[in-house]
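Below, each chain spelled out in residue letters.
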Amino acid sequence: MPCLSIAAFRRLRGNASSICRSVPIFIDDDCTTQNLYCKPLNSHFSSPPSKLKKREYHSTSRNEILPFIAVGVLGATSVYTYRALKQMDKDWDDYYDALEEYKAATGIDPEKDTKSNQTRHFAGGTLAIDLGTSTLKLSHLPSSNNNNKKKDPTVCVDREGYRSTPGLVWFGENSDDTIVGRLAQARSHDKKGGRIIHPRLAMEKNESNELALKATRDIIHTAAGNALDQILGGGRGGGNTINEPLFVLDSTMTTKGSYNVRPIFLYPNHNYLTRYRNAINELTAGLEIASYVEEPIAAVTGADYFNLLPREGADAKSVLVIDVGGLSTSISLVSGDREVVHSSSFPFGGNTFIDALVSHLIRNFDGFQHEAAAGGGLASNDSSLLSSKPTLTDATALQRLYEASTHAIHELSNKTRTEINIPYLTMDLETRQPKHLEVGVARAVVESEVETYISNFLAPHLESGDTILSPSFPPPSTLSALFSSAILSLLEKTSLTPFNLRGILLVGGGARIPLVRKSLKAATAVLAGDAYVNGTDDKRLIMLETSSGGP
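Throughout, residues of each chain are indexed from 1 in the direction in which the sequence is written. Local features are withheld for residues below a pLDDT of 70 in this predicted model, meaning they are given only at 70 or higher, and side-chain atom pairs are given and counted only at 80 or more; totals for whole chains, interfaces and linings count all residues. For the side-chain quantities, the full set of heavy atoms in the structure was used; hydrogens and water were omitted.

What follows deals with the environment of threonine 222. Along the polypeptide, threonine 222 turns up in helix 7 (residues 210-232). Between the alpha carbons of threonine 222 and leucine 246 there is a distance of 9.7 Å; along the sequence they are 24 residues apart. Residues adjacent in sequence count toward polar contacts only when both atoms are side-chain atoms; beyond that, a polar contact is any pair of N or O atoms within 3.5 Å, and within protein one must be able to donate a hydrogen and the other to accept it. Among the polar contacts made by the side chain of threonine 222, one reaches the main-chain carbonyl oxygen of aspartate 218 at a distance of 2.9 Å. Numbering of helices and strands runs from the N terminus; a helix is a DSSP stretch of H or I covering at least four residues, while a strand is a stretch of E covering at least two.

Only strands joined by at least two bridges in the DSSP assignment are considered to pair. Pairing is mixed across the open sheet formed by 5 strands, whose spatial order is 17-16-15-20-21. Sheet topology places strand 17 (340-346) and strand 21 (541-543) at the edges, where each strand pairs with a single neighbour. Averaged over neighbouring strand pairs, the angle between their axes works out to 15° when direction is ignored. As paired strands, strand 20 (residues 501-507) and strand 21 are joined by 3 bridges and run parallel to one another. For leucine 506, the partnering residue across the bridge sits in strand 21 and is methionine 543. Only the stretch in contact is used when a helix axis is fitted, and all axes are lines through C-alpha atoms; the angle between N-to-C directions ranges over 0 to 180 degrees.

Across the sheet, which stays open at both edges, the 3 strands sit in the order 9-8-10 with antiparallel pairing between neighbours. What marks the edges here is a single partner per strand, and that holds for strand 9 (178-180) and strand 10 (195-197). Looking at each pair of strands side by side, their axes are set apart by 20° on average, direction ignored. Across 3 bridges, strand 8 (residues 169-171) lies against strand 9 in antiparallel orientation. Paired with tryptophan 170 across the two strands is isoleucine 179, which belongs to strand 9.

Quick look at the confidence of the model for the protein now. On average, residues of the protein score 79 in pLDDT, and 75% of them reach the 70 mark or higher. pLDDT expresses how confident the predictor is about each individual residue, on a scale running from 0 to 100. By the convention used here, residues are in contact when the closest approach between their heavy atoms is within 4.5 Å. Scored below 50 in pLDDT, residues 15-47 makes 40 contacts in the model with residues more than four places away or belonging to other chains. In this model, residues 114-120 is a region of pLDDT below 50 whose contacts with residues beyond four sequence positions or in other chains number 6 contacts.

The next thing to look at is the nonpolar core. As used here, the term nonpolar core means buried Ala, Val, Leu, Ile, Met, Phe, Trp, Tyr and Cys residues forming a set that is joined through side-chain atoms within 4.5 Å. Accessible area is worked out with a 1.4 Å probe on protein chains only. A residue is then buried under 20% of its type maximum, exposed over 50%, and partly exposed in between. Core analysis: the largest hydrophobic core is formed by 61 residues, its most contacted members being Ile322, Phe346, Phe353, Leu401 and Ile420. A total of 8 residues in this core trace back to one element, the largest contributor, which is helix 12 (residues 395-412). Here isoleucine 420 is in contact with Leu357, Leu361, Ala404, Ala408, Leu437, Glu438, Val439 and Val441, once residues within four sequence places are set aside. Within the second largest apolar cluster, 34 residues are counted, among which are Phe171, Ala212, Ala224 and Leu273.

Where helix 10 (residues 350-364) contacts helix 12, the axes come no closer than 9 Å and their chain directions differ by 125°. Our classification of the angle between helix 10 and helix 12 gives oblique. For the pair helix 10 and helix 12, the crossing hand works out as right-handed. Packed against helix 10, whose contacting residues are Phe353, Ile354, Asp355, Leu357, Val358, Leu361 and Ile362, the element helix 12 presents Leu398, Leu401, Tyr402, Ser405, Thr406, Ala408 and Ile409 at the interface. Under the convention adopted here, Pro, Cys and the residues Ala, Val, Leu, Ile, Met, Phe, Trp and Tyr are nonpolar, Asp, Glu, Lys and Arg are charged, and Gly plus all remaining residues are polar. Among the residues making up the contact of helix 10 with helix 12, the classes are represented as 11 nonpolar, 2 polar and 1 charged. Throughout, the term roughly parallel applies to angles under 35 degrees, roughly antiparallel to angles over 145, roughly perpendicular to angles from 65 to 115, and oblique to all others. Rotating anticlockwise by less than a right angle from the far helix to the near helix defines a left-handed crossing, while the corresponding clockwise rotation defines a right-handed one.

The next subject is the pairing of strand 15 (residues 318-324). The element strand 15 is largely enclosed, with a buried count of 7 among its 7 residues. Alternating residues of strand 15 divide into Ser318, Leu320, Ile322 and Val324 and Val319, Val321 and Asp323, and every residue in both groups is buried. Both strand 15 and strand 20 contribute to a ladder of 6 bridges, which runs parallel. The residue bridging serine 318 from the neighbouring strand is leucine 501, located in strand 20. Pairing of strand 15 with strand 16 (residues 329-334) involves 6 bridges; the strand directions are antiparallel.

So, in structure tokens, the structure goes:
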């Protein structure tokens, strides 16, 4: 019987008839090389093999190949099963490592805490922290109880009865020697060999040095710690150091000087956020505790909470927020989905009125005539830096003038005239006799000083810088014209009109100054009409009625 190779046998079967292709294959068991043999073909051509089963798909029997397929599938399944179990072990190890890190940072075991226990994590409620350009303000919202009674947030008042804390930190020659708040304000001009830092201004100027970061942490830690000590009681305030966390996530972690309170930090814009978070991350035990909200969005959310804003219309969903702070005024457009679309600011605020009054006193007090003639008073116009702060050689006298003027400006928010009495302010160099300052100041005098500063210094400075003012308006000479030009400029950039706004919201510490309120009313009436300001149904200018008796 001739021995055929596999290739030759396939050619033979391909050229033969269907009968020939159906001839079964025989394997010689005696042949060690497993050659393929074929019967003589002539016998098959003589009589067709009618009983042979025809296979056109393959010549190998099904029950011969199925075991090989089963073994292959089983092997592949085993390999993938082994790899999956190995990956699961690795994932579990990573999960428990992350869980241990979380428990070490927060003191909470998520596998044991139930959903109902989450409310106790902030048993002390929520504390909103607004670090402004000149003051720091706090607002507290108590935690909800079982009867679901609605509780409103309240502004925190310190032990001296003030609703805000001066945002200043004084550093001595040693950086560990610090004074914050009102005591630091008493040295803001007479520094006594130290250095004054404004944390908010340091953050805005991108001063990431350790001293600026420490000043931010110190002022927030001190003010918030004292406020929470009064609200929650227990005499825990000041129990921990500045470097230890003030806010903790679980009540079981509270120690002397730490509080189970959720903090919400307000910030002016997105450029400020990263630096702010780097400065205060040590105040919280666990990064997920704190929340961060832009100041204009917080203002709109608060106004909505108290139902102060008109309802949204089909074409009126955005809110224009005017925030008159201590050192600057910002104008921001907040869209209906709580996003700041555009924002601009200029150096004018409540402290401008204090600077104007101090400048007026320096020029008109005979004890400082020599300095007033030499250039004291309002600062000169500088293309790169503008300041309304007056100068005086006698730092102690300047400090006393600022303290008296600050108190007078607060009084002039309620009255049209006030008295300033500063004994032993300076000394007559010729007679060696003390000089006392006793003078009456009218609100109109201060307003005139402010309008002069706007016309002679602020307006030219803004025209030479950023496009804060509208080119459609002439250069402003009054605060009302300044508001009109700045608002119109923002509306032009966003292609809106006053009637596309849900409302105009005035906020900030300087919002209670009569000249600011009167000027904004006049500016809005020019842009949108009197009904927009004083209308019954169409009124869209919202000016919060705030207490004016103190800071």
